[in-house]
Amino acid sequence: MQALVVTVSPAEVEVASDAPWGLGVVAVEERVAGDLVELWTSLGDEPVQPELPWPWRFETVDETVADTWREFAEPIEVEAGLVVRPAWVSFEAPAGTTVLHIEPGATFGMGDHPTTVLCLRAVRRLVQPGCTVLDVGCGSGVLAVAAMVFGAGSAVGVDIAPAAVPVTLANAAANGVDVMVSTTDLADVAGEFIVVLANILAPTLVALAADLRRVLAPSGRLVISGILADAHQHVLDALAPLVVEHTEELDGWVAVTLRQP
Ligand SMILES: C[S@@+](CC[C@H](N)C(=O)[O-])C[C@H]1O[C@@H](n2cnc3c(N)ncnc32)[C@H](O)[C@@H]1O
């Protein structure tokens, strides 16, 4: 397994920790290296080349060490009646609870990050029986799988990380649903979708803005997350003329639902 090691000053740790996250990182470990800090993250066997403003390198790491976070994984209550269960953790669900079983492998999307939680709440709110869903940056496929479990007619997932394809397929199968997933660029995705989900960092959302608008059906809703509560107006500006319908905040992150004007 490849680890991405980003070297930063102590003052940059907080902002730099969010950057590898956008690459689909599951957990970031800080290691002191002299006067600097190294941020270690596992990126799977075929990591995407990152574009970062800090020095970085790849290191080959022992998979068992990279996976120690798994010992501490717990079921996540997204909201009343909806739980994401790490596939290797046993859990007795209260009656009436929808449980998503997720094995993230080397992808992002265990369900515990605030942005994933916010997107899952939006999926539950927005998905109507039979609607079409596009999950841009699907990672583990958790959002697309949730959409299908909540009755979507079809869900398409795309991600730049090759690992997202087998992981999403496996998670769909584990939850008894079908998701179509590939590494197709959003620019090459044809058609329009009733619900478009994009839990990706702000610079990527801005870069993808024109295509996110293009794939949104006239009566559709676009949910963006991966953005900070106090620094996302530029993303909304890039998505204009779409208008904000709903905003929810959790731990400094937000998910914003937009619609056509
Ligand atoms: C924060 S993760 C979200 C994973 C999952 N959808 C969730 O909500 O937990 C962001 C994902 O976007 C993918 N990604 C980043 N840039 C992308 C792009 N330009 N097109 C498609 N996917 C992208 C990353 O590989 C990563 O899997």
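Residues numbered from 1 in each chain as written. Predicted model: local features only at pLDDT ≥ 70, side-chain atom pairs only at ≥ 80, totals over all residues. Heavy atoms only, no water.

Draft legend 1. Quick peek at the packing of aromatic side chains. Scanning the model with the defined rule gives 1 aromatic pair in all. Judged by centre distance (5.1 Å) and plane angle (65°), the rings of Trp56 and Phe58 are edge-to-face. What makes Trp56 partly exposed here is its relative accessible area of 30%. You can call Phe58 partly exposed: its relative accessible area is 24%. The ring of Trp40 is capped by Arg31, whose NZ or CZ atom sits 3.9 Å from the centre of that ring. (Phe/Tyr/Trp six-rings, centres within 6.5 Å; stacked < 30°, edge-to-face > 60°. Buried < 20%, exposed > 50% of the residue type's maximum accessible area, 1.4 Å probe, protein only. Lys NZ or Arg CZ within 6 Å of the ring centre and 35° of its normal.)

Draft legend 2. Quick peek at the pairing of strand β11 (residues 193–199). Within β11, 6 of the 7 residues are buried, which leaves the element mostly enclosed by the surrounding structure. Strand direction decides the pairing type here: strand β8 (residues 132–136) and β11, joined by 4 bridges, are parallel. Bridged to Val136 within β11 is Ala198. As defined by bridge partners, β11 adjoins strand β12 (residues 216–228) across 6 bridges and the pair is classed as parallel. Within β12, the residue paired with Val196 across the bridge is Leu222. In this fold, β11 hands off to helix α6 (residues 202–214), which returns the chain to β12; that crossover is right-handed. (Helix = DSSP H or I, 4+ residues; strand = E, 2+ residues; numbered from the N terminus. Pairing = 2+ DSSP bridges. Right-handed = clockwise from strand over helix to strand, strands pointing away.)

Draft legend 3. Spatial organisation of the nonpolar core. Counting residues in each nonpolar core, the largest one holds 36 residues, and the members touching the most others are Val84, Leu120, Val127 and Val133. Of all the elements in the fold, those that place two or more residues in this core are β5 (76–79), β6 (82–86), β7 (98–102), α3 (114–126), α4 (142–149) and β11. If you look at the next biggest cluster of nonpolar residues, it comprises 26 residues, including Val136, Leu212, Val235 and Val256. (Core = buried A, V, L, I, M, F, W, Y, C linked by side-chain atoms within 4.5 Å.)

Draft legend 4. Structural context of the domain arrangement of the chain. When its domains are assigned, the chain resolves into domain 1 (2–68) and domain 2 (73–259). Computed over C-alpha atoms, the centres of domain 1 and domain 2 are 24 Å apart. (Domains from an automatic or database assignment.)

Draft legend 5. Molecular detail of the environment of Val167. One can find Val167 in helix α5 (residues 164–174). For the pair Val167 and Gly105, spaced 62 residues apart in sequence, the C-alpha to C-alpha distance is 6.5 Å.

Draft legend 6. Fine view of the sheet that holds β12. Strand order in the open sheet formed by 7 strands is β10-β9-β8-β11-β12-β14-β13, with mixed pairing between adjacent strands. On the outer flanks of this sheet lie β10 (180–182) and β13 (243–250), each paired with one strand and no other. Averaged over all pairs of adjacent strands, the angle between strand axes in this sheet comes to 15°, irrespective of strand direction. Lying over the sheet, α6 contacts β8, β11 and β12, oriented at roughly 180° with respect to β12. (Axes fitted to C-alpha atoms, helices over the stretch in contact; angles between N-to-C directions. Contact = heavy atoms within 4.5 Å.)

Draft legend 7. The arrangement of the pairing of strand β9 (residues 154–158) in detail. Of all 5 residues that make up β9, 4 are buried, and the element is covered over most of its length. Two strands pair when backbone bridges link them, and β8 and β9 are joined in this way by 5 bridges, in the parallel orientation. Counted as the bridge partner of Val133 is Ala155 from β9. Crossover connection from β8 via α4 to parallel β9: handedness right-handed. Since β9 and β10 lie parallel, the crossover through α5 that links them has a hand, and here it is right-handed.

Draft legend 8. Local environment of the sheet that holds β6. Within the open sheet, the 3 strands sit side by side as β5-β6-β7. Their pairing is mixed. The open sheet is flanked by β5 and β7, the only strands paired with a single partner. Across the sheet, the mean angle from the axis of one strand to that of its neighbour is 25°, orientation sign disregarded. As paired elements, β6 and β7 share 5 bridges and run parallel to each other. Looking at β7, one finds that Arg85 is bridged to His101.

Draft legend 9. Spatial organisation of the pattern of salt bridges. Taken as a whole, this structure holds 7 salt bridges when the rule is applied. Close ionic contact of Glu79 with Arg124 constitutes a salt bridge, the shortest N to O distance being 2.9 Å. On the criterion of sequence distance, the pair formed by Glu79 in strand β5 and Arg124 in helix α3 is long-range, its members being 45 residues apart. Judged by its relative accessible area of 30%, Arg124 is partly exposed. The closest approach of N and O atoms between Arg221 and Glu245, which form a salt bridge, is 2.9 Å. Linking Arg221 in strand β12 with Glu245 in strand β13, this pair joins segments that are 24 residues apart in sequence. We classify Glu245 as partly exposed; its relative accessible area is 36%. One continuous salt-bridge network, built from bridges that share partners, spans Glu38, Arg57 and Glu59. (Salt bridge = Lys/Arg side-chain N within 4 Å of Asp/Glu carboxyl O.)

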